[in-house]
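Report on the structure
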Amino acid sequence: MHASFSKWSRQYGMIFSLKFGPGDAIVLCDRKAVHDLLDKKGNVYSDRPEPHVAELLGVKHNVFTTSMNNMWKEKRKVIAHNLSPAQLDNKHFRVQEAEATVLMNDFFIKPESYREHIRRYTASIIHVLIHGYRATSSEDFWGHAVYEIMERRSTCLEPGAIPPVDQFPFLKYIPEKLARWKGQARDSKEWTEKIWGEARDRVEKRRARGDKRDCLADVLLDDYDRNGFPMSQTEFNLLLGEMIEGGADTSSSAIATLLLALAKYPDIQKKAQGEVDKVCESERSPVWSDFEKLPYINALVKEGLRWRPVAPTGLPHRVRQDDTYNGMLIPKDTNIFIGVWQIHHDESIWKDPATFKPERYLGYDKLASYYAGSSDWAEYPHHYAYGAGRRICPGMHLAERNIWRTTAKLLWAFNFSEPTDGSGAVKSLDTEAYVEGLVREPLPFELKIEPRSKEHMATIQKELLDTEKFLRAFE
Ligand code: HEM
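Cut-offs and rules
Residues numbered from 1 in each chain as written. Predicted model: local features only at pLDDT ≥ 70, side-chain atom pairs only at ≥ 80, totals over all residues. Heavy atoms only, no water. UniProt positions renumbered as here; feature names shortened; annotations may be inferred. Helix = DSSP H or I, 4+ residues; strand = E, 2+ residues; numbered from the N terminus. Pairing = 2+ DSSP bridges. Contact = heavy atoms within 4.5 Å. Axes fitted to C-alpha atoms, helices over the stretch in contact; angles between N-to-C directions. Parallel < 35°, antiparallel > 145°, perpendicular 65-115°, else oblique. Left-handed = near helix turned anticlockwise from the far one by under 90°. Nonpolar A, V, L, I, M, F, W, Y, C, P; charged D, E, K, R; others polar. Phe/Tyr/Trp six-rings, centres within 6.5 Å; stacked < 30°, edge-to-face > 60°. Buried < 20%, exposed > 50% of the residue type's maximum accessible area, 1.4 Å probe, protein only.

**Brief notes about the UniProt feature "binding site: heme" (unreviewed entry) in the chain**
Under the present numbering, the feature "binding site: heme" (unreviewed entry) in UniProt falls on C393. Structurally, C393 can be placed in the loop between α14 (368–371) and α15 (396–413).

See the structure below:
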């Protein structure tokens, strides 16, 4: 879809509309329009499309899919508070640092499984913060639960898997025996409820043993057990799960993209390692408090999200009432897409947009949340990977910190290169080979991972010892 949006923007202009069944969709490939409409008129442009498909999949009340109602506000408040920069930097940083150290060790012990390690790592951090449990491996419940849910759901969301129910809601009344897709959707719904129900059971059993932990589930349960639940038990289980769903595969996809780019462009890798080495040699790995001293790593992270945005068409926003923009009517209930891919590859904004070039972000050393929504939008080379307006990703602070830490630590510890065959010839990596979908991630690729020195590996073992006791408390 993102490629079609780009093509049509060249044909019809940077703002164009589409007919989706009886409904309208408008695609904004223009930064000013994104700012004028989504950022500045958030009260009008922040609903989501009618959630018929979401209802079938059992995620109608999910914070991603629900419209701007009180429950959405409450959920965003919970997420924004618990994943705020202050909470992350004063409290949650220990989990992130410790898990990033485990990740380095996993790369050292079993480099060929690097993709599973990344998936375990992103899931583990968010599970610790939400459920108080860490994923000790990709096989344990906390390491694979979210990915099973996402896989089942994405099968249903593949193009053509479910007919256009959002556009033609009567389709949802077709009996299940005539509509195999309804069975698949029900299966995905039941699976989601089962898995997040099991997560809740594990939390309750732990609490019953007197083991209360510093995590969101325990904070909310203490409150709701005392004052009553503001939602059903299933919705509560799903609320905790939604944050895991938002945080796991998006971040792991962004990290995989960076590894692909580092292996493909060794000069960029060397430059980044040069910066890291100036700040810490082999006796310690980089930590978040080094952020200001490592602007090239920040630029790398931003460039990865520009070059290969995880959600290249964002999530649609629905318009609450008729509006006009530059003489164009934007009818109530229109779905608005940000043409993220097109904006990120627009030659009038970026020089050589197809090239991976972190340098374009040097001098713009703050985090994405600073640039998002800024009235000086034209001054900054901002990316739209986290969306825009009131629905902008509330997990962006956590995501950026995780991706930055991983990138800095892995570059400090390892050299990444393209694999070679038996005769030593390089097997060139394809930077276009991606799994298409709502979350776009590189297809599995072989990666050569080599420790930079024995001293670096010894430091990882030392840092691992320091983290063990802390992490054991979440097992
Ligand atoms: C690289 C990592 C990530 C990317 C690229 C990403 C991207 C996005 C995008 C594009 C949206 C839609 C924004 C819009 O509608 O304009 C979104 C929404 C959301 N994201 Fe993220 N995200 C990431 C990580 C996370 C993490 C770690 C969490 C953890 C909680 C999270 C939670 C959410 C939630 C709850 C929403 C729904 C917000 C709403 O509809 O009000 N995301 N994200």
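So much for the structure itself; the text now carries on.
**With respect to unusual backbone geometry**
You will see that N326, though not glycine, has its phi angle at about 45°, which is positive. Within the secondary structure, N326 is located in the loop between β4 (323–325) and β5 (328–330). Its identity as a non-glycine residue notwithstanding, D333 has a phi of 75°, on the positive side. Residue placement: D333 occurs in the loop between β5 and β6 (335–338).

**Some points on the pairing of strand β2 (residues 23–28)**
As paired strands, strand β1 (residues 15–20) and β2 are joined by six bridges and run antiparallel to one another. Bridged to S17 within β2 is I26. Between β1 and the antiparallel strand that follows it, β2, lie two residues; G21 among them carries a positive phi value of about 60°. Examined bridge by bridge, β2 and β6 share four bridges and lie parallel to one another. Bridge assignment links A25 to a residue of β6, and that residue is N335.

**Quick word on the sheet that holds β1**
Pairing is mixed across the open sheet formed by four strands, whose spatial order is β1-β2-β6-β3. The open sheet terminates on both sides in strands that have one partner only, identified here as β1 and β3 (317–318). Packing against the sheet, helix α1 (residues 2–12) makes contact with β1, β2 and β6, and its axis sits at approximately 120° to β1. Most of the contacts of helix α2 (residues 31–39) go to β2, to which it runs at about 125°, and overall it touches β1, β2, β3 and β6.

**Some points on the environment of A354**
Note on placement: A354 falls in the loop between α13 (340–344) and α14. Distance in space between the C-alpha atoms of A354 and I343 is 12 Å, their sequence separation being 11 residues. Look past the residues within four positions of A354 in its chain and what remains in contact with it is W307 and H345.

**Some points on the packing of helix α5 (residues 85–109) against helix α16 (residues 454–472)**
Helix-helix packing: each pair is described by the crossing angle between the helix axes and the interaxial distance. Two numbers describe how α5 lies on α16: the axes approach to 9 Å, and their chain directions differ by 135°. One finds that α5 runs oblique with respect to α16. Regarding α5 and α16, the two cross each other, and that crossing is left-handed. Residue-level contacts link R94, V95, A98, E99, T101, V102, M104, N105 and F108 of α5 to M457, I460, Q461, E463, L464, T467, F470 and L471 of α16. Across the contact of α5 with α16, the residue classes tally to 10 nonpolar, four polar and three charged.

**A closer look at the packing of aromatic side chains**
Each aromatic ring pair is described using two quantities: the centre-to-centre distance and the angle formed by the ring planes. Summed over the entire model, instances satisfying the criterion amount to 27 aromatic pairs. When the centroid spacing of 6.4 Å and the interplanar angle of 45° are considered together, the rings of F5 and W8 count as tilted. Separated by three residues within a single helix, F5 and W8 lie in helix α1, roughly one turn from each other. When its relative accessible area of 2% is taken as the criterion, F5 is described as buried. Between W288 and F291, the aromatic rings sit 4.8 Å apart at their centres with planes inclined by 40°, giving tilted as the arrangement. Residue classification places W288 among the buried residues on the basis of a relative accessible area of 13%. Among the aromatic residues, those joined into a ring-pair cluster are F107, Y114, F414, F416 and F445.

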